[in-house]
Amino acid sequence: MTERPLLSVIVPVYNMEKYIGQCLCAILSLQDPAMEVIVVDDGSTDGVDVVLASFTDTRLKILRERHRGVSAARNAGFKHSRGKFILPVDADDIPIVENWRSLLVALAANPDAVLVYGARRLFEGGADKFPRSLPSKRSLPSKGACPENDAVVPLIFKKNFIRMGSAVVRREAIETVGLWNENLTVGEDWELWCRLACLGRFIYCPVLAVRYRRHTQSATGAPVSRDAQDPGLAAIETIYSHRCVQHKTGAHHHKLKQEALAWHTYNWGARLIHSGAYWPGAKAWVWAMSKDPSLFLYLCSFPIRRLRQ
């Protein structure tokens, strides 16, 4: 038996032939023997297997599964992992591996914390210029985009501000709260964060941890039809059905759930409008702002936020 790795990086991939190579090149550029990288091919039908076969790094393990979705793939990777700390990464993103040490040090220095996360930056499709510096507070995508200390809870129950690839989690914390929910197709990461938030502290580490890619195959970039139902609502219902969340949110349970529904509906409306379904998108916005009037100010600030980004 070889020495147990400190960090297990889990990368599920499904039909991401175009991006998985760039993701793995970034991860494996970290010359750390105390790391293992587990790629779970979730039944890809494109050329993912050819790309994976081109890597010879001994730290890389490849699992091949039948297609059951991203949560099942992450769970398979977790069950084969041995690391003390777990870092899930999406196959189409580009992690900033030189900043991982800061995340690990922060988590090791705070034994009561279950998770540490860093900042993330968005880039579009095949862009080849990637900012590597930490976003300034003025350029963050929204107020409270990277909350710290006591601000993390209850905000995490309202919206998901932690991106896959930016968070390192204690292994025993995942074992305690349970793995990724395989019944959810959207928001499965958020649902896990909320269960973890009921267990212990989250820490924000001020480093850029990941550049996340928005494209037509991604969960946030794919176009939607005007009659489509928002699949993310199931995540909210699941989150607020947990007894640990009900206990953690206490008297604010109903208010926070309404704010979560409003925030998610606002973003769904934005996707509808971006996809050309203007009237359904506008109706979603009106409903969201009626439940949380602060979203109106957020909408009005769009030109300023766009210029800062």
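Chains are numbered independently. Their residues run from 1 in the order of the written sequence. It should be noted that, the model being predicted, local features are given only for residues of pLDDT at least 70 and side-chain atom pairs only at 80 or more, the latter also being counted only at that level, while totals for whole chains, interfaces and linings use all residues. Only hydrogens and water are set aside when side-chain values are computed; all heavy atoms of the structure are taken into account.

Here we take up the overall build of the chain. Secondary structure elements follow DSSP: runs of H or I no shorter than four residues count as helices, runs of E no shorter than two count as strands, and numbering proceeds from the N terminus. Along the backbone of the chain there are 13 helices and eight strands. Burial classes: relative accessible area under 20% of the type maximum marks a residue as buried, over 50% as exposed, and values in between as partly exposed (1.4 Å probe, protein chains only). Within the chain, buried positions represent 54% of all 309 residues.

Before going further, it helps to examine the confidence of the model for the chain. For the chain, per-residue confidence averages 87 on the pLDDT scale, and 86% of positions sit at 70 or higher. For every residue, the predictor assigns a confidence score, pLDDT, that lies between 0 and 100. In the model of the chain, helix H13 (residues 302–308) stands out as the element of lowest mean pLDDT, 60, in contrast to strand E4 (residues 85–88), which has the highest, 98. Contact definition: two residues touch when any of their heavy atoms are within 4.5 Å. Overall, residues 137–144 carries pLDDT values under 50, and its contacts beyond four positions in sequence, including any with other chains, amount to 15 contacts.

Let's shift gears to the pairing of strand E8 (residues 201–214). Within E8, 11 of the 14 residues are buried, which leaves it mostly tucked inside the rest of the structure. The rule for pairing is simple: two strands pair if DSSP sees at least two bridges between them. Two strands pair when backbone bridges link them, and strand E5 (residues 94–95) and E8 are joined in this way by two bridges, in the antiparallel orientation. The residue bridging Ile-94 from the neighbouring strand is Arg-211, located in E8.

Here we take up the pairing of E4. Neither face of E4 is open: one carries Phe-85 and Leu-87, the other Ile-86 and Pro-88, and all of them are buried. Pairing geometry for E4 and strand E7 (residues 167–170), over two bridges, is antiparallel. When the bridges of E7 are listed, Ile-86 appears paired with Val-169.

Within 6.5 Å between ring centres, the rings of Phe, Tyr and Trp (the latter by its six-membered ring) count as paired, and their orientation is classed by plane angle as stacked under 30 degrees, edge-to-face over 60, tilted in between. Summed over all chains, the structure comprises six aromatic pairs. Seen in terms of ring centroids, Tyr-117 and Phe-161 are 5.8 Å apart; in terms of plane orientation they differ by 50°. Their pairing is tilted. Highlighted residues: Tyr-117 in strand E6 (residues 113–124) and Phe-161 in the loop between helix H5 (152–155) and E7, separated in sequence by 44 residues. Accessibility classification places Tyr-117 together with Phe-161 in one group, the buried group.

Moving on, we get to helix H4 (residues 100–108). Listing the buried residues of H4 in full gives Trp-100, Leu-103, Leu-104, Ala-106 and Leu-107. Down the axis of H4, the buried side of the element spans an arc of 160°, and every buried residue falls inside it. Exposed positions of H4 whose direction lies more than 90 degrees from the buried face are Arg-101 and Ala-108. To obtain the arc, one takes the directions from the helix axis to the C-beta atoms.

To continue, consider unusual backbone geometry. Cis peptide bonds are those with omega within 30 degrees of zero, and the linkage from Val-153 to Pro-154 qualifies with 20°. Following the sequence through the fold, Pro-154 ends up in helix H5.

With that settled, consider helix H8 (residues 233–241). Burial in H8 covers these residues: Ala-235, Ile-236, Thr-238, Ile-239 and Tyr-240. The secondary structure elements touched by the buried residues of H8 are helix H7 (188–197), helix H9 (243–249) and helix H10 (253–274).

Turning our eyes to something else, we now look at the state of the cysteines. We call a pair of cysteine sulfur atoms a disulfide whenever their separation is within 2.5 Å. By the definition in use, this model includes zero disulfides. Free cysteine Cys-244: the closest other cysteine sulfur is in Cys-198, separated by 3.5 Å.

Before going further, it helps to examine the side chain of Arg-171. By secondary structure assignment, the location of Arg-171 is in helix H6 (residues 171–177). With relative accessibility at 11%, the residue Arg-171 sits in the buried group.

Our focus in this paragraph is the packing of H8 against H10. Running from N to C, H8 and H10 cross one another at 165°; their axes reach a closest spacing of 10 Å. Between H8 and H10, the crossing angle belongs to the class labelled roughly antiparallel. As H8 packs across H10, the resulting crossing turns out to be right-handed. On H10, the residues that touch Leu-233, Ile-236, Glu-237 and Tyr-240 of H8 are His-253, Leu-256, Lys-257, Ala-260, Leu-261 and His-264. In the scheme used here, Gly and all other residues not listed as nonpolar or charged are polar, with Ala, Val, Leu, Ile, Met, Phe, Trp, Tyr, Cys and Pro taken as nonpolar and Asp, Glu, Lys and Arg as charged. Residues that form the contact of H8 with H10 fall into these classes: six nonpolar, two polar and two charged. In this analysis an axis means a line fitted to C-alpha atoms, helices contributing only their contacting stretch, and an angle means the value between N-to-C directions, from 0 to 180 degrees. Put simply, angles under 35 degrees are roughly parallel, angles over 145 are roughly antiparallel, angles from 65 to 115 are roughly perpendicular, and the rest are oblique. Each crossing is labelled by how the near helix is turned from the far one, with a counterclockwise turn of less than a right angle marking it left-handed and a clockwise turn marking it right-handed.

Below, the discussion takes up the packing of H7 against H8. Close contact between H7 and H8 brings their axes to 9 Å; oriented N to C, the two are set at 15°. In terms of their interaxial angle, H7 and H8 are classed as roughly parallel. For the element pair H7 and H8, the recorded crossing hand is right-handed. Only Ile-236, Thr-238 and Ile-239 of H8 make contact with H7, whose side of the interface consists of Trp-190, Glu-191 and Cys-194. Tallied by class, the residues present in the contact of H7 with H8 amount to four nonpolar, one polar and one charged.

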